Amino acid sequence: FSTALTKVNDTFFPMIESQLTGNGIRMDDYAKQCVLNSISAINNILTVKGINWNHPDLDKSNVTENLLTIASLKLNPAANPREVYFQLRNVKIKRDGKDVWVKQIEMGIEGDGNDAILSRFGRNIKEVKQFWMVREGDEFEYPYFNGLEMTPPKWRPTGKGEVVRIVYPIEKLDGTVDFHIAERDDVIKNLIAHVKNNLMKETFGIA
């Protein structure tokens, strides 16, 4: 016996996990639980409004975007006190050059959600320094490690060629500096995921 909510979970959950994996993000057990709790919370809102998941005016692409955010930030609507909430809004969008009203799920982060994000992603961070925009013609050496000792990356800009990576120097409270590197090839995966979402929105989910 499969309930309507179970079928919704089976529809959205694999899609969320697949997109995150394609972007190089691994969903741990807590992120999965946050997504399932969010689907349940959204379902409660739709039920109160007398709307089902197959309603033609429900913007499912918007729901997917919200669930991707939930999984990435690990925000839990079932936490006590809750970290995130949802509400239904009527929004006017452009579709085939015409103004169309759709029903979108709006996500809001509450106080405890901001605390959770800061604790999870901003712990011991003093400052994010000016980023490095590394181009194809630049001289660049990746950082390397000798046990716990790190040799910082080296960059000599020339201003020639396309941007191939962005380097974020992050200073911590203890004075050490981490270097987070975003490669263009990895970012392309993220852009493709956004293109897919936009295609679904413009083609009623057919593409």
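Structure first, text after, so check above.
A brief report on the enclosed structure follows. Worth saying up front: this structure is predicted, and the values here are computed from it rather than measured.

**Here's the deal with the packing of aromatic side chains**
Link 1 in the chain: According to the stated counting rule, one finds five aromatic pairs in the structure shown.
Link 2 in the chain: Each ring, one from Phe-12 and one from Trp-53, has its centre 5.4 Å from the other, and the planes form 55 degrees; the classification is tilted. Of the two residues, Phe-12 is situated in helix H1 (residues 4-22) and Trp-53 in the loop between helix H2 (29-48) and helix H3 (60-73); the sequence distance between them amounts to 41 residues. Of the two residues examined, Phe-12 and Trp-53, each falls in the buried class.
Link 3 in the chain: Ring centres of Phe-131 and Tyr-168 lie 6.3 Å apart, and the angle between their planes is 55 degrees; on these two criteria the pair is classed as tilted. Taken together, the positions of Phe-131 in the loop between strand E3 (125-128) and strand E4 (132-135) and Tyr-168 in strand E9 (residues 163-172) put the pair 37 residues apart, joining distant regions of the chain.
Link 4 in the chain: Chaining the aromatic ring pairs together yields one cluster made of Trp-132, Trp-155 and Phe-179.

**So, the pairing of strand E10 (residues 177-183)**
Link 1 in the chain: Sheet topology note: the E9/E10 ladder contains seven bridges and is antiparallel. Looking at the pairing, Ile-170 lines up with Asp-178 of E10.
Link 2 in the chain: With antiparallel pairing between neighbouring strands as the criterion, E9 and E10 make up a hairpin whose turn holds four residues, including Gly-175 at a positive phi of roughly 95 degrees.

Quick notes on the rules
- Residues numbered from 1 in each chain as written.
- Predicted model: local features only at pLDDT ≥ 70, side-chain atom pairs only at ≥ 80, totals over all residues.
- Heavy atoms only, no water.
- Phe/Tyr/Trp six-rings, centres within 6.5 Å; stacked < 30°, edge-to-face > 60°.
- Helix = DSSP H or I, 4+ residues; strand = E, 2+ residues; numbered from the N terminus.
- Buried < 20%, exposed > 50% of the residue type's maximum accessible area, 1.4 Å probe, protein only.
- Pairing = 2+ DSSP bridges.

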